[in-house]
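Report on the structure
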Amino acid sequence: MNPNMPLGRQNRRRLNMSRKRKIIGGILLLLFLCITGVFIYLKAVIPPGEEWLAYNSGKITADIDRQLEDLDIDTLISEKESLVLEKNIDELQQAVGQGKLTYEELAAICLYRIKTLDQSRHGYNSVTEVAVDVLEQARACDTSRSALLQSGIQFPPSPLFGIPVLLKDNINTADIPTSAGAEAFSTFLPREDAALVRMLREQGAVILGKNNLSEFANYLSSVMPSGYSGKAGQTVNPFGPLKISPSGSSSGSAVSVTANLAPVSFGTETAGSISGPAAANSVVGFKPSRGSISAEGIMPLIQAVDTPGPIAKCVSDASLAYGALSGSYADLSGQEDALNGAVIGLLIYDYNQEDMITQLKTALEHAGAQVKELPGIQDVSVQNIIYLTFRRDFEAYALKYGLPITTLKELIAYNQEDSRRRIRYGQDLLEAADVVEQCDDGPIKGSIQEAQGILDTLFSEHGLDAVVFLNSTASATVSAAGYPQLTVPLGMDKKGVPQGATFAAEYGRERKLLELGYSFEQNVQGRFQP
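Residues numbered from 1 in each chain as written. Predicted model: local features only at pLDDT ≥ 70, side-chain atom pairs only at ≥ 80, totals over all residues. Heavy atoms only, no water.

Moving on, we come to the overall build of the protein. Within the protein one finds 19 helices and 13 strands. Each principal axis of the C-alpha distribution contributes one length, and for the protein these read about 120 × 60 × 50 Å. Out of the 530 residues in the protein, the part that is buried amounts to 57%. Taking as baseline every contact in the protein between residues at least 6 positions apart, the subset at least 24 positions apart corresponds to 76%. Put simply, the protein shows about 21900 Å² of open surface, and 51% of that area lies on carbon and sulfur atoms. (Helix = DSSP H or I, 4+ residues; strand = E, 2+ residues; numbered from the N terminus. Buried < 20%, exposed > 50% of the residue type's maximum accessible area, 1.4 Å probe, protein only. Contact = heavy atoms within 4.5 Å. Areas by Shrake-Rupley, 256 points an atom, 1.4 Å probe, with all protein chains shown as cover.)

Printed below as a string of structure tokens:
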């Protein structure tokens, strides 16, 4: 400042500068508060993304190490992993039959891959538990095989004999914890196996373990990412971890199959929970007609709608797994041309990717199908009315199978005691279900009837053998109706996201659906490996 300037003028200049600094400071403070407010608002309204979270890896790895400790696993992997990767069930059985592979070696390779690919740092985290007797089960199958061969009995006695199988963690297993993804039930052992598990054991399948899922089949929090559970953490999509959703709720079931951790898994579907993950992970997902596979012993989402089904790398494996539980086997040999002459309704939605619709239509026509382009059908979803029956169905299951917490209100209170760990994304959906005074089946029954009417009209008016749509765009309506649907890999879009073609048929037409899906698969070869 000029020392010759009059003192009064100097004081006024200092005062003006002080005022300017205060104004600038106020503006900066206001901007900071505005930015902070916007950040807080966006954090509140924008659903959180996926995170690298794996809560149970240490236990799973220890359980695997104990079972593999007496094996030369490095030599086994080097010499025989190639006999397992991307092989279908028939090829695996053939390798065993030829003496190239044993069931114990097959199971050991699956365990090793779970440890190194799934439960390692930044692994896929698709598995929540492994059975502690996996290799014992497999050795028993090897012993039975020897006895069968000596007796001249046909081998294998069933298609799934000796085949490692994973189960979604809402399917009861009396010897492996069943949690539906809830931290509260991390160690819960049901009083008995689910009906489908009993059948798998009778068929000689090796129960490998349990798959992660969107907690409570995606009925915990409205902002929770697909594939997250309080028990196991976040399952990621191998094609783009944290970038591409694994979809849900049978997230772990699809991820484990696409990563060759097991030949086949079983998921459950209420509204796209098999078709969505199958499409997103480039695998086959089959939801059969409701009731064709028993849902007894499955922790319910909507008991009147829930349907279990297999997830596999190819249609033939899904067909074998379905046949093992339903007793209805579809012979797919010679069905490569099943689409030739078939009338297929292609359901097109405004939000579908045009290039993928074109690719799907071209593939169908190339296979000889008569394609009828149809506008997307009305969405009849039961997802927005789950709250009407959830508490009743949950509490009935809790009493029947012996859950340690038997009421929804008690579960909500338990979760609140450690909210960051147990309900990282909240539990608004459980809270909405708990305040329902009178459970009401009426709207759900109405939705089922409405969905059936829409599909029946569609099939009859257009003379369709099946409908097809991208990914799971019409799955909610098909699931509500209880009609069968089969998702088959279509390829990838321009961003590298796996895409699926989902076929649906009239109730009870599983065989026709599997034939059409098999024909599509053989013509397109749309599966990619991560």
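Okay, the packing of aromatic side chains next. The description of two aromatic rings rests on the distance between their centres and on the angle between their planes. Summed over the entire model, instances satisfying the criterion amount to 15 aromatic pairs. A centroid spacing of 5.3 Å and a plane angle of 65° characterise the contact between Phe503 and Phe520, whose relative ring orientation is edge-to-face. Of this pair, Phe503 sits in strand 13 (residues 498–504) while Phe520 is found in helix 19 (residues 510–524), placing the two residues 17 residues apart along the sequence. This pair shows no difference in class: Phe503 is buried, exactly as Phe520 is. Members of the aromatic cluster, connected to one another through ring pairs, are Phe185, Phe216, Tyr219, Phe390 and Phe394. Taking the ring centre of Tyr414 as reference, the NZ or CZ of Arg422 above it sits at 3.7 Å. (Phe/Tyr/Trp six-rings, centres within 6.5 Å; stacked < 30°, edge-to-face > 60°. Lys NZ or Arg CZ within 6 Å of the ring centre and 35° of its normal.)

Glancing now at the side chain of Lys210. Checked against the element boundaries, Lys210 lands in strand 3 (residues 206–211). What makes Lys210 buried here is its relative accessible area of 0%. Separated by 3.5 Å, the side chains of Lys210 and Asp169 make a polar contact. Side-chain polar atoms of Lys210 contact the side chain of Thr173, separated by 2.8 Å. (Polar contact = N/O pair within 3.5 Å; in protein donor to acceptor, adjacent residues only side chain to side chain.)

For the rest of this paragraph, the subject is unusual backbone geometry. Of note, the amide linkage connecting Phe155 to Pro156 takes the cis form, showing an omega dihedral of -5°. Tracing the sequence through the fold places Pro156 in the loop between helix 6 (134–151) and strand 2 (164–168). Residue Ser249 is reached from Gly248 by a cis peptide bond, and omega for that bond is 15°. Mapped onto the fold, Ser249 is located in the loop between strand 5 (233–234) and helix 9 (251–258). One non-glycine residue with positive phi stands out, namely Phe216, at about 50°. For Phe216, the location among the structural elements is in helix 8 (residues 215–218). Overall, the relative accessible area of 3% leaves Phe216 in the buried class. At Gln525, a position not held by glycine, the phi torsion is positive, near 50°. By secondary structure assignment, the location of Gln525 is in the segment after helix 19.

This part takes up empty space enclosed by the protein. Across all of its chains, the model carries 2 cavities of 30 Å³ or more by this definition. In this structure, the largest cavity spans a volume of roughly 90 Å³. As for the largest cavity, its lining consists of 13 residues, and the residues nearest its centre are Asn170, Ala217, Met299, Pro300 and Leu301. Among the residues forming the lining of the largest cavity, the class breakdown is 7 nonpolar, 4 polar and 2 charged. Lining the second largest cavity, in full, are Val84, Lys87, Cys110, Asn260, Leu261, Ala262, Pro263 and Lys313. (1 Å grid on protein atoms, 1.4 Å probe; cavity = no way out; pocket = protein on both sides within 12 Å on 5 of 7 lines; lining within 4 Å. Points joined across faces, edges and corners; volume = space filled by probe spheres on them. Nonpolar A, V, L, I, M, F, W, Y, C, P; charged D, E, K, R; others polar.)

Looking now at the layout of surface pockets. Here the largest pocket is characterised by a volume of approximately 320 Å³. Considering the residues around the largest pocket, the lining is formed by 18 residues, among which Lys313, Cys314, Glu521, Gln525 and Arg527 are closest to the centre. Of all the secondary structure elements, the ones that give two or more residues to the lining of the largest pocket are helix 11 (315–326), strand 12 (485–492) and helix 19. When residues of the lining of the largest pocket are assigned to their parent elements, the largest contribution, 3 residues, is made by helix 19. Grouping the constituent residues of the lining of the largest pocket by class yields 5 nonpolar, 6 polar and 7 charged. Lining the second largest pocket are 20 residues, with Gly248, Ala271, Gly272, Ser273 and Gln383 sitting closest to its centre. Elements that contribute at least two residues to the lining of the second largest pocket include exactly helix 8 and helix 18 (475–481). Along the lines of polarity and charge, the residues of the lining of the second largest pocket split into 7 nonpolar, 12 polar and 1 charged.

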